[in-house]
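Okay, here's what each chain looks like letter by letter:
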Amino acid sequence: MSWHWRTIATVWLLAIVGAIVTGLLATSASALGWFGLTLAGCTLVTLGLQIATGTKEGYVKRVTLSIAGALVILVAATIVVALL
């Protein structure tokens, strides 16, 4: 795994941890807001990590993969919480 994929996987892991914590601690009425805040945090971490790499080539692709992956994870978690 190249170091670019590690930065992407870090954001996905953050989304998974945020989804689990939100699912366990938030009420069903407030869960949607917390999932939104988790996505916002993932976005900020993504931008910070990708800027910190200092590599221009593939920047948009890496940011897109990070945020899209986090979004898919959080949508799945939202569906699970909504069904419970």
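Residues numbered from 1 in each chain as written. Predicted model: local features only at pLDDT ≥ 70, side-chain atom pairs only at ≥ 80, totals over all residues. Heavy atoms only, no water.

1. Topic: the packing of helix H1 (residues 3–25) against helix H3 (residues 59–83)
- In the contact formed by H1 and H3, the axes pass within 9 Å of each other and the chain directions differ by 20 degrees. As judged from the angle between their axes, H1 and H3 are roughly parallel. For the element pair H1 and H3, the recorded crossing hand is right-handed. Residues His4, Trp5, Ile8, Val11, Trp12, Ala15, Ile16, Ala19 and Gly23 of H1 lie in contact with H3, whose contacting residues are Arg62, Leu65, Ser66, Gly69, Ala70, Ile73, Leu74, Ala77 and Val81.
- A breakdown of the residues in the contact of H1 with H3 according to their chemical character gives 13 nonpolar, four polar and one charged. (Axes fitted to C-alpha atoms, helices over the stretch in contact; angles between N-to-C directions. Helix = DSSP H or I, 4+ residues; strand = E, 2+ residues; numbered from the N terminus. Parallel < 35°, antiparallel > 145°, perpendicular 65-115°, else oblique. Left-handed = near helix turned anticlockwise from the far one by under 90°. Contact = heavy atoms within 4.5 Å. Nonpolar A, V, L, I, M, F, W, Y, C, P; charged D, E, K, R; others polar.)

2. Observations regarding the environment of Gly36
- Note on placement: Gly36 falls in helix H2 (residues 31–53).
- Gly36 sits 35 residues away from Leu71 along the chain, and the two C-alpha atoms are 9.6 Å apart.

3. Examining the packing of H1 against H2
- Packing of H1 against H2 brings their axes to within 10 Å, and their N-to-C directions diverge by 165 degrees. Comparing the axis directions of H1 and H2 gives the class roughly antiparallel. Our pair here, H1 against H2, has a crossing hand that is right-handed. Touching Trp3, Thr7, Ile8, Thr10, Val11, Leu14, Ala15, Gly18, Ala19 and Thr22 of H1 are Ala31, Trp34, Phe35, Thr38, Gly41, Cys42, Val45, Thr46, Leu49, Gln50 and Thr53, all from H2.

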